[in-house]
Amino acid sequence: MKQLRTLEDLSMTELEDILEAAGQTSFAGGAFHAAANLFFEPSTRTKYSFEMAEAKLGMHRFDFSAEASSIEKGESLYDTLKTFEAIGVDLFVIRHPRARFYEELEGLQVPVINAGDGAGNHPTQSLLDLYTMKEEFGSFRGLHVVICGDTAHSRVANTNAWILKRLGARVSYAGPDAWMPQEVSGGRVLSMDEAVEQADVMMMLRIQTERHDGRVAYTPETYHRRWGLTEAREQRMQPHAVIMHPAPVNRGVEIADSLVECRRSRIFKQMENGVKVRQAVLHFLLQSKGADRVETIS
Ligand code: CP
């Protein structure tokens, strides 16, 4: 692995190695490594779980604020990163509102981890989702994952649908017609009532209001009644089925408040797993940069 801009940067073996390594407890440490975390969009989980993962690996962390940087004086993203590269940073973690922002960074020597690019991709979220499903079900083959809600504007939905189909899972969608992905190849659109009865995993999504250009399509109550995972719908899920959500959650909108922490919910488990998976990703990227400087996972 040289970069992690989308999951297409990983071979299937590398992907399996990350999911396997995330279950280990002993990672590289000791040598000096530095990460620069550049978040141009708000984040709680991704930003701080990367920071925790970096801290657990003994890495130094540069926390970047665009407002307090020379970007305010017109410096480009590329030149900002070249500066960090010159200073000696080992890798970048970047979240940016522009889809495929990484395409303008081809001249960098230092690996880039995409922490979310607009409505494009969110590879480490997807890896932690896969890890959580593997922990729950053991394998992806035949697993029926229903992605529910604002699929069209969700980078999580994009990445998960792509990789889950490659891994042999069945992906369906539920939600308002206008928010279904343009291309639902290999996936079916279900009503919420069909979805809850058929899913092994109900993957709920927040309404991505920041990508709706100010248009308000539904009141929270209307949305919850029509497209939300209500308490009544949860009662009709299969006994073994689980609820996932990348979060942040809007309680009472896409999911009933009481279901966020119910016995089926893996939402906080996903966050816990995020640290492990990000540690594994950082480990492998550092390892591929300079194998001599990183101890092997044991
Ligand atoms: N799931 C996720 O990306 O959350 P944050 O926006 O808080 O990082």
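The rules behind these values
- Residues numbered from 1 in each chain as written.
- Predicted model: local features only at pLDDT ≥ 70, side-chain atom pairs only at ≥ 80, totals over all residues.
- Heavy atoms only, no water.
- Helix = DSSP H or I, 4+ residues; strand = E, 2+ residues; numbered from the N terminus.
- Rg over C-alpha atoms; globule rule 2.2 N^0.38 Å.
- Contact = heavy atoms within 4.5 Å.
- Areas by Shrake-Rupley, 256 points an atom, 1.4 Å probe, with all protein chains shown as cover.
- Lys, Arg positive; Asp, Glu negative; His and termini not counted.
- Charge placed at Lys NZ, Arg CZ, Asp CG, Glu CD.
- Domains from an automatic or database assignment.
- Buried area = accessible area lost by both parts, 1.4 Å probe.
- Salt bridge = Lys/Arg side-chain N within 4 Å of Asp/Glu carboxyl O.
- Polar contact = N/O pair within 3.5 Å; in protein donor to acceptor, adjacent residues only side chain to side chain.
- Nonpolar A, V, L, I, M, F, W, Y, C, P; charged D, E, K, R; others polar.
- Buried < 20%, exposed > 50% of the residue type's maximum accessible area, 1.4 Å probe, protein only.
- Near = heavy atom within 4 Å.
- Axes fitted to C-alpha atoms, helices over the stretch in contact; angles between N-to-C directions.
- Left-handed = near helix turned anticlockwise from the far one by under 90°.

A tally of regular secondary structure across the protein gives nine helices and nine strands. Here the C-alpha atoms of the protein give a radius of gyration of 19 Å, agreeing with the 19 Å that 2.2 N^0.38 yields for 298 residues. Judged by the C-alpha coordinates and their principal axes, the protein covers about 55 × 45 × 35 Å. Contacts spanning at least 24 positions in sequence make up 72% of the contacts within the protein whose residues lie at least 6 apart. In the structure as shown, the protein presents an accessible area of about 13,000 Å², 48% of it carried by carbon and sulfur atoms. Of the side-chain charges in the protein, 34 are positive and 41 negative, and the distance between the mean point of each set is 3 Å.

In this section: the side chain of Gln125. Mapping Gln125 onto the fold places it in helix 4 (residues 123–137). Ignoring sequence-local partners within four residues, the contact set of Gln125 consists of Val156, Pro246, Gln270 and Arg278.

By domain assignment, the protein separates into domain 1 (7–121 + 271–296) and domain 2 (123–266). Taking only C-alpha atoms, the centre of domain 1 and the centre of domain 2 are 27 Å apart. Counting residues at the interface gives 30 residues for domain 1, matched by 25 residues for domain 2. Between domain 1 and domain 2, roughly 2,300 Å² of surface is buried when both sides are summed, and carbon and sulfur atoms account for 64% of that area. Here domain 1 is connected to domain 2 by one salt bridge. As a salt-bridge pair, Glu41 and Arg155 come within 3.0 Å of each other at their nearest N and O atoms. Summed over the shared surface of domain 1 and domain 2, the number is eight residue pairs in polar contact (both at pLDDT 80 or more). Counting residues per element, the ones that place at least two in the side of domain 1 that touches domain 2 are helix 1 (12–22), helix 2 (45–56), strand 3 (91–96), strand 4 (112–117) and helix 9 (267–289). If one sorts the elements of the side of domain 1 that touches domain 2 by residue count, helix 9 sits on top with seven residues. Tallied by class, residues from the side of domain 1 that touches domain 2 come to 13 nonpolar, nine polar and eight charged.

On to the pattern of salt bridges, then. In total, this model carries 16 salt bridges according to the counting rule given. Residues Arg5 and Glu106 are paired through a salt bridge, measuring 3.3 Å at the closest nitrogen-oxygen approach. Of this pair, Arg5 sits in the segment before helix 1 while Glu106 is found in the loop between strand 3 and strand 4, placing the two residues 101 residues apart along the sequence. Of the residues examined, Glu106 reaches a relative accessible area of 52% and is grouped as exposed. With a closest N to O distance of 3.2 Å, Arg233 and Asp193 form a salt bridge.

Moving on to the site of the ligand. Contacts to the ligand come from Ser43, Thr44, Arg45, Thr46, Arg95, His122, Gln125, Pro246 and Ala247. One nitrogen or oxygen atom from the side chain of Gln125 is found 3.1 Å from a nitrogen atom belonging to the ligand. Ala247 places a main-chain nitrogen or oxygen 2.8 Å from a nitrogen atom of the ligand. Within the complex, the protein chains bury 92% of what would otherwise be the 250 Å² of accessible surface of the ligand. In terms of residue class, the shell around the ligand is built from two nonpolar, five polar and two charged.

Turning our attention to the environment of Ile255. Relative to the helices and strands, Ile255 is located in the loop between strand 9 (242–244) and helix 9. Taking the C-alpha atoms as reference points, Ile255 and Trp227, 28 residues apart in sequence, are found 8.9 Å from one another.

It is worth spelling out the packing of helix 1 against helix 4 at this point. Where helix 1 contacts helix 4, the two axes come as close as 10 Å, and the packing angle between them is 65 degrees. When you trace helix 1 past helix 4, the crossing you get is right-handed. Taking contact as the criterion, the partners of Leu15, Ile18, Leu19, Glu20 and Ala22 in helix 1 are, on helix 4, Leu127, Leu130, Tyr131 and Lys134. Residue classes in the contact of helix 1 with helix 4 are distributed as seven nonpolar, no polar and two charged.

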